[in-house]
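Chains, contacts and geometry: an overview
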Amino acid sequence: MNNTIVLSKDFAAHESAVVDLKSCGLINPLRVLTFQNKTGQSAKFLWQGDIIYNKDKVGYFKEINNDLGIKVNHYEGFITVTNGGGDQYLEGELKP
């Protein structure tokens, strides 16, 4: 199973970053998106695709656990990661 680092960044409080999954060829298949900070706290989001229309492009990442206070939004192959209330380094990994 190949995991792909999609984000590695120092975030300020409430800062956002956009990741283009589409141009990286990571759209198919989306499964689990995990984030971790330097202290070992983590967040996990599970892909919930729309099987009727197009499960690869239409859907959202459902929050499973979130010790980091981050938010993840998906729109047609792009994700926006918004940090919570404190400064922290985040590393995001996509697991197919």
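This is a predicted model, so every value here is computed, not measured.

This part takes up the packing of aromatic side chains. A complete count under the given rule lists two aromatic pairs for this structure. Ring geometry for F35 and F45: centres 6.2 Å apart, planes at 80°, overall edge-to-face. A residue pair is termed long-range when its members are at least 10 positions apart, and F35 in strand β3 (residues 32-36) and F45 in strand β4 (residues 42-49) qualify at ten residues. In this pair, the class of F35 matches that of F45, namely buried. Directly above the ring of F11 sits K9, whose terminal nitrogen or CZ lies 5.1 Å from the centroid.

Take the pattern of salt bridges next. Within the structure shown, the criterion is met by one salt bridge. The partner of E15 in a salt bridge is K9, with the nearest N and O atoms 2.7 Å apart. On the basis of relative accessibility, which here comes to 24%, the residue K9 falls in the partly exposed class.

All right, on to the sheet that holds strand β7 (residues 78-82) then. Strand pairing in a sheet is mediated by backbone hydrogen bonds. Such pairs are either parallel or antiparallel. Taking strand neighbours across the sheet as the criterion, the three strands line up as β2-β7-β6 in an open arrangement whose pairing is antiparallel. A strand with exactly one partner marks an edge of an open sheet, and here the two such strands are β2 (16-20) and β6 (71-75). On average, adjacent strands in this sheet sit at an angle of 20° to one another, irrespective of strand direction.

Attention now moves to the nonpolar core. Counting residues in each nonpolar core, the largest one holds 19 residues, and the members touching the most others are L7, L33, F35, F45, F61 and I79. Contributing elements (two or more residues each) for this core: β1 (4-11), β2, β3, β4, β7 and β8 (88-95). Once you skip the residues sitting within four places of it in the chain, F35 turns out to touch L7, Q41, S42, A43, F45, L68, I70, V72, V81, E91 and G92.

Quick look at the pairing of β7 now. The alternating pattern of β7 places I79 and V81 on a buried face, while none of F78, T80 and T82, on the opposite face, is buried. Bridge analysis of β6 against β7 gives five bridges, and the strand direction is antiparallel. Bridged to V72 within β7 is V81. What sits between the antiparallel neighbours β6 and β7 is a turn of two residues, in which E76 has the positive phi angle 45°.

Moving on, we come to the sheet that holds strand β5 (residues 59-66). On the basis of which strands lie adjacent, the open sheet formed by five strands has the order β1-β8-β3-β4-β5 and antiparallel pairing. A strand with exactly one partner marks an edge of an open sheet, and here the two such strands are β1 and β5. Sheet twist, expressed as the average angle between the axes of neighbouring strands with direction ignored, equals 20°. Pairing between β4 and β5: seven bridges, direction antiparallel. In the sheet register, K44 faces β5, and the bridge partner there is N65.

What counts and what doesn't
- Residues numbered from 1 in each chain as written.
- Predicted model: local features only at pLDDT ≥ 70, side-chain atom pairs only at ≥ 80, totals over all residues.
- Heavy atoms only, no water.
- Phe/Tyr/Trp six-rings, centres within 6.5 Å; stacked < 30°, edge-to-face > 60°.
- Helix = DSSP H or I, 4+ residues; strand = E, 2+ residues; numbered from the N terminus.
- Buried < 20%, exposed > 50% of the residue type's maximum accessible area, 1.4 Å probe, protein only.
- Lys NZ or Arg CZ within 6 Å of the ring centre and 35° of its normal.
- Salt bridge = Lys/Arg side-chain N within 4 Å of Asp/Glu carboxyl O.
- Pairing = 2+ DSSP bridges.
- Axes fitted to C-alpha atoms, helices over the stretch in contact; angles between N-to-C directions.
- Core = buried A, V, L, I, M, F, W, Y, C linked by side-chain atoms within 4.5 Å.
- Contact = heavy atoms within 4.5 Å.

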